[in-house]
Amino acid sequence: MGEEDYYLELSERPVQFEKANPVNCVFFDEANKQVFAVRSGGATGVVVKGPDDRNPISFRMEDKGEVKCIKFSLENKILAVQRTSKTVDFSNFIPDNSQQEYTQECKTKNANILGFCWTSSTEIVFITDQGIEFYQVLPEKRNLKLLKSQNINVNWYMYCPESSVILLSTTVLGNVLQPFYFRAVTMSKLPKFEIELPAAPKSTKLSLSERDIAMATIYGQLYVLFLRHHSRTSNSTGAEVVLYHLPREGACKKMHILKLNRTGKFALNVVDNLVVVHHQDTETSVIFDIKLRGEFDGAVTVHHPVLPPRSIQPYQIPAAGPASVTSQSPVPCKLYSSSWIVFQPDIIISASQVLSESDRATLPVIATVFDKLNHEYKRYLDAEQSYTMAAEAGQSRSNPLLKRPVRTQAVVDQSDMYTHVLSVFTDKKEMPHKFVIAVLMEYIRSLNQFQIAVQHYLHELVIKTLVQHNLFYMLHQFLQYHVLSDSKPLACLLLSLESFYPPAHQLSLDMLKRLSTANDEIVEVLLSKHQVLAALRFIRGIGGHDSISARKFLDAAKQTEDNMLFYTIFRFFEQRNQRLRGNPSFTPGEHCEEHVAFFKQVFGDQALMRPTAF
């Protein structure tokens, strides 16, 4: 195809950075359009790069724990770093000012900070799970002054720096959005509005994800874009993007619908006032122009793509580094990669395979070995598939030369690698755990390169290794950026991690929702793995705890041979009985006599709940 066959291209000057790995955490600041690469918590260096920065900012900071979020204020005068769910640390980057850190704790009691946004060079907003707090930073005094706060339950948030508007997802379903506008030490609460979900939710759990929402300025007006995935039972031919106009004054109104006529994974950008929708499955993009006349039904205008789908123009990533080193050829960029992360209005970040400095000596050798093994593995899988298809078509009778492929010693499959290599490798205490994780991810990278489906037990091994070493932020990044593929076993493992890492519960529910898994099946899987408390938390989370079988859970609890777990589960159902029937005792129809006798035997008659009179 010639250049005239493409209408989208990537920038000639990409911002290149070291990929996220066990040593290096990567963050993107949507306000300054800066990428932060934080190595070892900042102790071995922080590098900040922006699209227009010829000279990146480099500095070191004391490693005071895992960095959750890091951003410069506008004009790069003050650095804010979040390391805990309660506080944000600040450092001045102003000449003649002390660089000694100062800290601000969120004011709301028992609140957890979800993130923060700079709205000017000295004004910052903390978003917590219980509201927002608007502060003025006083760098000379090294403290902050609270300007205004608002209490509201928050699921997630989104910031549009071009319009200084923060959008909060509220209510149980998450589809009521509350916008706030910031300007010159003032915070204005705009009218809240509701996103219409594709169908009435069957359960009272979060139904609107921030992945399906974007904010962008189009033709000078702020819009909220909702990517609506229609269910398979719908009569619609595919997904659509719904545009809500969000004015400074007045109510938000649904104005436009962009028809995509396809399903799958999408991402949104806005370029030159045109809405660009990328489709991963077909590796194409379509363009919409809301200024063009569409089909007006009296309420909204329906638009169709202005041009047929086309791929982004193929792109070569220039070699990074000094001129003496960059004589090597540019690397082709994998377009529409599953590792792409899209930011508004026109930013795409690709978590490309760039090795960390500390691992360059050994990881390439390991990567080469993995690639050679998986090359043979893939050849065997393809031959096996061809034979199976031919046999099913009856060709084996007519063609006596057709024989099942022989598995040679050169074929090492995932099960072999897991049992005899990777599991043994992760158990070696003397090996640096960050290097262990890097090797695991290198094997998964190689499988993906040869288009071999990664088995869930490899992803489970990665997660268990991350949890073992308390690398929860990296776990969150791997799941958020789909480095680890969705699967039911993986979701159940996440559910079981809730007591160690509370966000794992919502991550697992989101994964199960994407997999369209039946709730009963999830409970059965958890109970079969003796994750009794995780199963109970899950069923409570979807509001089904009043109708579940007490005997099933008590059976599972007893099988664990953990008496305190049995006590906890037994007490839960006693309290349920008291709440529903006014008496904690089990009815004959529940068939729990055996468990009541066991409870008395272990804990005594006096441990049974007594009826409470109201």
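I will try to describe carefully the structure that is included in this document. Model, not experiment: these values are computed from the prediction.

Scoring rules and cut-offs
Residues numbered from 1 in each chain as written. Predicted model: local features only at pLDDT ≥ 70, side-chain atom pairs only at ≥ 80, totals over all residues. Heavy atoms only, no water. Helix = DSSP H or I, 4+ residues; strand = E, 2+ residues; numbered from the N terminus. Buried < 20%, exposed > 50% of the residue type's maximum accessible area, 1.4 Å probe, protein only. Contact = heavy atoms within 4.5 Å. Areas by Shrake-Rupley, 256 points an atom, 1.4 Å probe, with all protein chains shown as cover. Pairing = 2+ DSSP bridges. Axes fitted to C-alpha atoms, helices over the stretch in contact; angles between N-to-C directions. Phe/Tyr/Trp six-rings, centres within 6.5 Å; stacked < 30°, edge-to-face > 60°. Parallel < 35°, antiparallel > 145°, perpendicular 65-115°, else oblique. Left-handed = near helix turned anticlockwise from the far one by under 90°. Expected span 1.5 Å × (residues − 1). Patch = residues over 30% accessible without salt bridge, like charges linked within 9 Å, V, L, I, M, F, W, Y side chains within 5 Å. Salt bridge = Lys/Arg side-chain N within 4 Å of Asp/Glu carboxyl O. Disulfide = S-S within 2.5 Å. Polar contact = N/O pair within 3.5 Å; in protein donor to acceptor, adjacent residues only side chain to side chain.

## Considering the overall build of the protein
What the protein contains, in helices and strands, is 13 helices and 30 strands. In the protein, buried positions account for 46% of the 614 residues. Here the analysis covers contacts within the protein between residues at least 6 apart in sequence; of these, 51% occur between residues at least 24 apart. Of the roughly 31500 Å² that the protein leaves accessible, carbon and sulfur atoms contribute 51%.

## Describing the sheet that holds strand β4 (residues 57-59)
Taken in spatial order, the four strands line up as β1-β2-β3-β4 in an open sheet, and their pairing is antiparallel. The sheet terminates laterally at β1 (24-29) and β4, the two strands that pair on one side only. With strand direction ignored, the average angle separating the axes of adjacent strands in the sheet is 15 degrees. Summarising the sheet, strand β2 (residues 34-39) and strand β3 (residues 46-49) pair through four bridges and their orientation is antiparallel. Across the sheet, the residue bridging to Phe36 is Val48, located in β3.

## A few points about the packing of aromatic side chains
In this structure the tally under the stated criterion is 23 aromatic pairs. Here the aromatic rings of Tyr418 and Tyr457 are separated by 4.9 Å at their centres, their planes lie at 50 degrees, and the arrangement is tilted. With Tyr418 in helix α3 (residues 414-426) and Tyr457 in helix α5 (residues 456-468), the pair connects residues that are 39 residues apart, well separated along the chain. For Tyr418, a relative accessible area of 27% translates into the label partly exposed. Taking 5.0 Å as the distance between ring centres and 90 degrees as the angle between the ring planes, the aromatic pair formed by Phe566 and Phe598 counts as edge-to-face. Here the residue Phe566 occupies a position in helix α12 (residues 563-581), and Phe598 occupies one in helix α13 (residues 593-603), the gap between them amounting to 32 residues. Each member of the pair, Phe566 together with Phe598, is buried. Members of the aromatic cluster, connected to one another through ring pairs, are Phe566, Tyr567, Phe570, Phe586, Phe598, Phe599 and Phe603.

## Quick word on the packing of α3 against helix α4 (residues 433-449)
At a minimum axis separation of 10 Å, α3 and α4 run at an interaxial angle of 165 degrees. By the angle class used here, α3 and α4 are roughly antiparallel. In this structure, α3 crosses over α4, and the sense of that crossing is right-handed. Between α3 and α4, the residues in contact are Gln414, Met417, Leu422, Phe425 and Thr426 and Phe435, Val436, Val439, Leu440, Tyr443 and Leu447, respectively.

## Quick notes on α5
Between its terminal C-alpha atoms α5 stretches 18 Å, which fits the 18 Å expected from 13 residues at 1.5 Å a residue. Along α5, the positions that sit buried rather than exposed are Leu458, His459, Glu460, Leu461, Val462, Ile463, Thr465, Leu466 and Val467. Looking at the buried positions of α5, the neighbouring elements they touch are α3, α4, α6 (472-480) and α7 (488-496). Positive backbone phi, approximately 60 degrees, marks Asn470, located one or two places after α5.

## Considerations on a nonpolar patch on the surface
The grouping of Leu292, Val306 and Leu307 at the surface amounts to a nonpolar patch, some 230 Å² of accessible area in total. Here Leu292 shows up in the loop between β24 (284-288) and β25 (295-296).

## Brief notes about the pattern of salt bridges
Counted according to the given criterion, the structure contains 20 salt bridges. Put simply, Glu75 and Lys77 hold a salt bridge, and the shortest N to O gap is 3.3 Å. Lys77 gets classed as partly exposed once you look at its relative accessible area, which sits at 33%. The closest approach of N and O atoms between Glu240 and Arg228, which form a salt bridge, is 2.5 Å. With Glu240 in strand β20 (residues 240-245) and Arg228 in strand β19 (residues 221-228), this pair connects stretches of sequence that are twelve residues apart. Judged on exposure class, the residue Glu240 and its partner Arg228 are both buried.

## Let's talk about unusual backbone geometry
Of note in the backbone geometry, Tyr219 takes a positive phi value of approximately 50 degrees without being a glycine. In this model, Gln451 sits at a positive phi of 55 degrees, which is unusual for a non-glycine residue. Note that Gln451 resides in the loop between α4 and α5.

## Notes on the sheet that holds strand β6 (residues 78-82)
Either a parallel or an antiparallel arrangement is found when strands of a sheet pair, and the pairing is made through backbone hydrogen bonds. Pairing within the open sheet is antiparallel, and its four strands lie in the order β5-β6-β7-β8. The open sheet terminates on both sides in strands that have one partner only, identified here as β5 (69-72) and β8 (102-105). On average, adjacent strands in this sheet sit at an angle of 20 degrees to one another, irrespective of strand direction.

## Some thoughts on the state of the cysteines
If you walk through the whole model with that rule in mind, you get zero disulfides. The thiol of Cys69 is not disulfide-bonded; the next cysteine sulfur, from Cys117, is found 8.0 Å away. Classification of Cys69 by relative accessible area gives buried; the value is 13%. A relative accessible area of 1% places Cys117 in the buried class.

## Concerning the pairing of strand β10 (residues 123-128)
Most of β10 is tucked away: six of the six residues are buried. Because side chains alternate across β10, one face comprises the buried residues Glu123, Val125 and Ile127, and the other comprises Ile124, Phe126 and Thr128, equally buried. Relative to β10, strand β9 (residues 113-118) runs antiparallel, the two being bridged by five bridges. Residue pairing across strands places Cys117 opposite Val125, the latter belonging to β10. The hairpin turn running from β9 into β10, its antiparallel successor, is four residues long. The pairing of β10 with strand β11 (residues 131-138) spans six bridges and is classified as antiparallel. Within β11, the position partnered with Val125 by the bridge is Phe134. Between the end of β10 and the start of β11, which pair antiparallel, lie two residues.

## Quick word on the side chain of Thr170
Tracing the backbone through its elements, the reader meets Thr170 in strand β14 (residues 165-170). From its side chain, Thr170 meets the backbone oxygen of Val176 in a polar contact 2.8 Å long. Sequence-distant contacts of Thr170, that is, excluding residues within four places in its chain, are made with Ile152, Asn153, Asn155, Asn175, Val176 and Gln178.

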